[in-house]
Amino acid sequence: MSPAEARVTVEVVNRARVRIVGGGQKGLKPFIKWAGGKRWLLSNPNFSLPKFSGRYIEPFLGGGAVFFHLAPSQAILCDVNERLIATYRSIRDEWQLVQAGLSDFQEKHSKEFYYEERARQHSASHLRAAQFLYLNRTCFNGLYRENLKGEFNVPIGTKTQVVLPEDDFEKASKLLASADLRGGDFEAVVAEASEGDLVFVDPPYTTAHNVNGFIKYNQKIFTWDDQKRLMDAIARAKRRGAQIVLTNADHESIHALYADLGTPMVVSRPSVIAGSVGSRRDTTETLFVF
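1. Some thoughts on the nonpolar core
Phase 1 of the analysis: Ranked by size, the top nonpolar core spans 47 residues in total, and within it Phe31, Phe67, Leu77 and Tyr88 carry the most contacts.
Phase 2 of the analysis: At eight residues, helix H4 (residues 82–108) tops the list of elements feeding residues into this core.
Phase 3 of the analysis: Dropping the residues within four chain positions of it, leucine 77 is found in contact with Tyr56, Glu58, Leu61, Phe67, Ile85, Leu176, Ala179, Asp180, Leu181 and Arg182.
Phase 4 of the analysis: Ile57, Ile76, Ile244 and Leu246 belong to the second largest nonpolar core, which has 26 residues in total.

2. A look at the packing of aromatic side chains
Phase 1 of the analysis: In this structure the tally under the stated criterion is 20 aromatic pairs.
Phase 2 of the analysis: Seen from their ring centres, phenylalanine 60 and phenylalanine 222 are 5.7 Å apart, and the 85 degrees between their planes marks the pair as edge-to-face. Of this pair, phenylalanine 60 sits in the loop between strand E3 (56–58) and helix H3 (65–70) while phenylalanine 222 sits in the loop between helix H9 (214–218) and helix H10 (224–239), and the two are 162 residues apart along the sequence. No difference in accessibility class separates phenylalanine 60 from phenylalanine 222, as the two residues are buried.
Phase 3 of the analysis: Here the aromatic rings of tyrosine 114 and tyrosine 115 are separated by 5.1 Å at their centres, their planes lie at 85 degrees, and the arrangement is edge-to-face.
Phase 4 of the analysis: Residue tyrosine 114 is classed as buried on the basis of its relative accessible area of 0%.
Phase 5 of the analysis: We classify tyrosine 115 as partly exposed; its relative accessible area is 30%.
Phase 6 of the analysis: Of the aromatic side chains, those joined through ring pairs into one cluster are Phe31, Tyr56, Phe67, Phe68, Tyr88 and Phe169.

3. So, the environment of isoleucine 234
Phase 1 of the analysis: In this fold, isoleucine 234 is placed in helix H10.
Phase 2 of the analysis: Expressed as a C-alpha distance, the spacing of isoleucine 234 and glutamate 187, which sit 47 residues apart in the sequence, is 9.0 Å.
Phase 3 of the analysis: Once residues within four sequence positions are removed from consideration, isoleucine 234 is found in contact with Val190, Val201, Ile244, Leu246, Tyr258, Leu261 and Phe290.

4. With respect to helix H6 (residues 125–138)
Phase 1 of the analysis: For H6, which comprises 14 residues, the first-to-last C-alpha distance of 20 Å matches the rise-based estimate of 20 Å (1.5 Å per residue) to within 8%.
Phase 2 of the analysis: Of all 14 residues that make up H6, 11 are buried, and the element is covered over most of its length.
Phase 3 of the analysis: Residues of H6 that are buried include every one of His126, Ala129, Ala130, Gln131, Phe132, Leu133, Tyr134, Leu135, Asn136, Arg137 and Thr138, and no others.

5. A word on the pattern of salt bridges
Phase 1 of the analysis: Under the defined criterion, the tally for this structure stands at 16 salt bridges.
Phase 2 of the analysis: Note that lysine 38 and aspartate 202 form a salt bridge whose closest N and O atoms lie 3.0 Å from each other. Taken together, the positions of lysine 38 in the loop between strand E2 (19–20) and helix H2 (39–42) and aspartate 202 in the loop between strand E6 (198–201) and H9 put the pair 164 residues apart, joining distant regions of the chain. For the pair lysine 38 and aspartate 202, one class covers both residues: buried.
Phase 3 of the analysis: Of the charged contacts in the structure, one is a salt bridge between arginine 229 and glutamate 187, with a shortest N-O distance of 2.6 Å. Of this pair, arginine 229 sits in helix H10 while glutamate 187 sits in helix H8 (residues 186–190), placing them 42 residues apart in sequence.
Phase 4 of the analysis: With a relative accessible area of 27%, arginine 229 lands in the partly exposed category.

6. Some details on helix H7 (residues 169–176)
Phase 1 of the analysis: For H7, every residue scored as buried is listed here: Phe169, Ala172, Ser173, Leu175 and Leu176. Considered in projection along H7, the buried side chains sweep an arc of 165 degrees and stay on one side of the axis.
Phase 2 of the analysis: Elements in contact with the buried residues of H7: H3, strand E4 (75–79), H4, H6 and strand E5 (179–183).

Basis of the calculations
Residues numbered from 1 in each chain as written. Predicted model: local features only at pLDDT ≥ 70, side-chain atom pairs only at ≥ 80, totals over all residues. Heavy atoms only, no water. Core = buried A, V, L, I, M, F, W, Y, C linked by side-chain atoms within 4.5 Å. Buried < 20%, exposed > 50% of the residue type's maximum accessible area, 1.4 Å probe, protein only. Helix = DSSP H or I, 4+ residues; strand = E, 2+ residues; numbered from the N terminus. Contact = heavy atoms within 4.5 Å. Phe/Tyr/Trp six-rings, centres within 6.5 Å; stacked < 30°, edge-to-face > 60°. Expected span 1.5 Å × (residues − 1). Salt bridge = Lys/Arg side-chain N within 4 Å of Asp/Glu carboxyl O. Arc of directions from axis to C-beta.

These figures capture arrangement, not role.
As structure tokens, then:
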């Protein structure tokens, strides 16, 4: 997309009649691969985010694709995964040490080392962050999963590149310097949103069973009660004057849950979570702008 095309204003009309401006990729790529990441959405030339004058708030941070794309001057970033948030803090506060640790892991990487490192407990925060990134980049399909003891237990994958050419931890550190990084539940963070703020909401969900068994299939990753709590929190934030962009599963139960707030836009994308390339199919998700 040319710079001129990126400035083209695209009008998307739903019940809220929201005007969306811009489009096209910019900013940093995420340094963490996370299930449900939104790089695919940001690459769509017909999509970008509403202009806003306040803070950028993201209660389900994950890989942070939208944050790094926007590079806002003020942000509240939150995730329930404390290890993930600790990694972001280390990149913000001690990126040189994290980078050095990751380079060391690159030199040592092997199947044997992977499983040794997966079981290792580091005391230094920068080594815990480097370990988190190392496992994220070399585990099977970039998945994050813990056993009942809270231990990361994903097997090794096929990728061997630990240090990536697009890594720019120094720039990421500068962007994160103005962000309030928090670990915990989404509700308290959404409750802070007020007039002028933009809240990007991307809760955990799977599109594997958009039609058949949606609620049962998603219950383990984000319960239906959590979905209802989220809707209530979004409704309150909207009444306070915040702008909200929500992505969620394309399912009639989600459409019905948000029926009083807005009409969903259905967006399609390729599925990248399946273990084999042959099992990956195009799927749909819903996008709400309130």
